[in-house]
Each structure stands twice: as C-alpha cells, then as structure tokens.
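# Inside the fold
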Amino acid sequence: MAETARTQAQSHAHQRAHGGEAPVGGARTVRLSKRYGTGDTAVRALEEVTVAFPPGRFTAIMGPSGAGKSTLMHCVAGLEAPSSGQVFVGGQELGTLSDRALTRLRRERVGFVFQSFNLLPTLTARDNITLPLTLAGKGPDRERLDTVVRILRLGDRLSHRPAELSGGQRQRVALARALVTRPEIVFADEPTGNLDSRSGSDVLGLLRAAVDDLGQTVAMVTHDPVAAAHADAVVFLADGRVVDLMPEPTAAGVLDRIRELGDRS
Ligand code: ADP
Ligand code: MG
C-alpha cells in the first residue's frame, strides 16, 4: 500500500520533471502566530503554525469558518505582519524586508485569485492580465504572456472587458494575471465559489496545469472536498492550528476527515 503510493508519487514527479517547466518558488512558515487585539478581547487567529507550500506543488487549505485560513494566506502573502514566528517566500524571510520591499514582493512575487475575480471593469482582459507588470513599470514578457494566454484559452477574449466575459472566463483572466509574473506562490481563496460546477472544475484543472506545466506553486483555500482532491496535499486548520495533513487527497477521504474533525470539537 505504502509502496504503491510511493511509486505513484515518484511517477507523478517523474512526469512533471519531463513534461513541464522546473518548479519555482514555494513558501513556508515557522511557528507563525497571529493575534488580533489585546487583553480580554484578543483573538488568537494562528498559533505556532509550521507549514510548507513546497515548490511546484498544489496545496489545499481547509478548515471551518474562523479557523485561520485567510489569516494564514494574508501572513504568507505579506499582507499582515505576524505577531511572532517567521514566513519565507521563495527562501526570503519577510520579517527582514522594509515596507517598500514587502509591497514589491506582494505585487511581483505573489499571485492572487479571489472568489469575486477582482478584475478592473474598465480594462480589457489583456490589460487586466498585464496590470501587475504595468504597475511594476515593466513591459509584458511576450513569451510568458503568450504561454499563459494559450494555457488559459484566452486568445480570442483579450480585447473583451470583464462585463463581456462569463464567470469562468473572468476567473481565467484573474488566473492569467496571477501567473504572468511567474510568482513564487499563487494564493487562490475559494476560486470556484462563484462559479457553476462546470466552470469550477475547468478552473481547478487550470490551477493543476499551472502546477504541472508551468512549475508554479499554488495554495488554495476551499470548503469543497472535490476541489481539494485536485491538490497534491491538504492542510487542515482548526482554531488557528494545523490539525492534519493529507497527502494525495481524494474527495471521499477529505470528506471523511472533515467529519472526523467536526466530531472531535
Ligand atoms: P477563516 O478564513 O478560516 O474563516 P480567518 O483567518 O478569517 O478565518 O479568522 C481567524 C480568526 O481571526 C477569527 O476568529 C476571526 O474572527 C479573527 N480575525 C480575522 N481577521 C481579524 C481582524 N482583522 N481583526 C480581528 N479579528 C480578526
Ligand atoms: Mg476566510
């Protein structure tokens, strides 16, 4: 059983090494804690969380509402400062960076995909995709842009504005925007939450392709066991702590684990 799992993992890694670009980036935390407020009203959102989002891997983050999923994402993305502990993005410890360097890291080294797409309505799909590069004062890397547009099947939609696109197409534009800078890590917060099941499974397949074909590192918050089963591993959070790690998840296995964790509390 263990032998079979290992052989499958090896053959998966083997295919990846030969089929796609080399893994880039990754992120991790070491005893990361985050408190909001002080005294009696203080909330311990994260407690000594040590977790890795390995390079070229797809990790799902699950847990009940209030477990600390968004806080973990925000701390690793440099949007919130930890109360204690460390965050590393692509080997760089965020605690050592100036505010200015952090802003740059967020813009150029981290990609975000949100449930609500967060596209600028007045810009075309192309200008939304290249916005991070525009903000950085860089022209688009033509080859990268072409690759991302091809993988996300957006070639015939580039001159459309968000209002002229379906939900699935909008999320593909948002994913293209997240990938165009070759970030160390892409965070997706419930990326399929506003999509019908068909567009949702399309977006999940594309996140998987970003990992397998482009070597990107993806961390996705989700409540959906079927979505989590697209990942290489699932991190379960509860009450600000990592309570379980599941490699090679299946939807049924994830659902069972959610029920067990729910019964425990
Ligand atoms: P999740 O994303 O898993 O639902 P969050 O990370 O949003 O959980 O929240 C974890 C805990 O931290 C919750 O108790 C929440 O109320 C609290 N929290 C989150 N953000 C803030 C904030 N800005 N100020 C005060 N409390 C917060
Ligand atoms: Mg949240």
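Before going into details, it helps to say that this report is about the structure given with it. (Residues numbered from 1 in each chain as written. Chains lettered and ligands numbered in written order. Predicted model: local features only at pLDDT ≥ 70, side-chain atom pairs only at ≥ 80, totals over all residues. Heavy atoms only, no water.)

## Examining the side chain of Thr217
Short version of the rule: Here a strand is any run of E in DSSP of at least two residues, a helix any run of H or I of at least four, and the numbering for each starts at the N terminus. The classification of residues rests on relative accessible area computed with a 1.4 Å probe and restricted to protein chains. Under 20% of the type maximum is buried, over 50% is exposed, and intermediate values are partly exposed. As used in this structure description, the phrase polar contact means that two N or O atoms lie within 3.5 Å; if the pair is within protein, one of them must be able to donate a hydrogen and the other to accept it, and residues adjacent in sequence are counted only when both atoms belong to side chains.
Tracing the backbone shows Thr217 in the loop between helix H7 (197-214) and strand S8 (218-221). The class for Thr217 is buried, based on a relative accessible area of 0%. Polar side-chain contacts of Thr217 include one of 3.4 Å to the backbone nitrogen of Gly26.

## Here we look at the environment of Leu133
The cut-off we apply is this: Any two residues whose heavy atoms approach within 4.5 Å at even a single point are treated as in contact.
Relative to the helices and strands, Leu133 is located in helix H4 (residues 125-135). Residues contacting Leu133, with those up to four places away along its chain left out, are Lys138, Gly139, Pro140, Asp141, Val180 and Thr181.

## A closer look at the packing of helix H6 (residues 167-179) against H7
Short version of the rule: Axes here refer to lines fitted to C-alpha atoms; in helices the fit is confined to the stretch in contact. Angles between the N-to-C directions go from 0 to 180 degrees. Roughly parallel means an angle under 35 degrees; roughly antiparallel, over 145; roughly perpendicular, 65 to 115; everything else is oblique. Each crossing gets its handedness from the near helix: less than a right angle anticlockwise from the far helix is left-handed, clockwise is right-handed. Following the grouping adopted for this structure description, the nonpolar residues are Ala, Val, Leu, Ile, Met, Phe, Trp, Tyr, Cys and Pro, the charged ones are Asp, Glu, Lys and Arg, and the polar ones are all others, Gly among them.
Across the interface, H6 lies against H7 with an axial gap of 10 Å and an inter-helix angle of 20°. In terms of axis orientation, H6 runs roughly parallel to H7. In the packing of H6 onto H7, the handedness of the crossing is right-handed. Contacts between H6 and H7 involve Gly168, Gln171, Arg172, Leu175 and Leu179 from the first element and Ser199, Asp202, Val203, Leu206, Leu207, Ala210 and Leu214 from the second. Partitioned by chemical class, the residues of the contact of H6 with H7 number 7 nonpolar, 3 polar and 2 charged.

## Some details on the nonpolar core
Quick reminder of the rule: Side-chain atoms within 4.5 Å link the members of a nonpolar core, which is a set of buried Ala, Val, Leu, Ile, Met, Phe, Trp, Tyr and Cys residues.
By size, the foremost hydrophobic cluster in this structure holds 45 residues, and its most contacted members are Ile129, Leu152, Leu179, Leu207, Met220 and Val234. Residues in contact with Leu152, not counting those within four places in the same chain, are Arg172, Leu175, Ala176, Leu179 and Leu206. The next biggest cluster of nonpolar side chains, apart from the first, holds 26 residues, and it includes Leu32, Leu72, Met73 and Phe112.

## A closer look at the packing of aromatic side chains
As a reminder, the rule being used: Here is the rule: rings of Phe, Tyr and Trp (six-membered ring for Trp) pair when centre to centre is within 6.5 Å. Planes less than 30 degrees apart are stacked, more than 60 are edge-to-face, and the remainder are tilted.
Summed over all chains, the structure comprises 3 aromatic pairs. Note on Phe53 and Phe187: the rings are 6.3 Å apart at their centroids and 85° apart in plane angle, and the pair reads as edge-to-face. Of the two residues, Phe53 sits in strand S2 (residues 43-53) while Phe187 sits in strand S7 (residues 185-189), which places them 134 residues apart along the sequence. Put simply, the rings of Phe53, Phe112, Phe114 and Phe187 touch in pairs and so form one group of aromatic residues.

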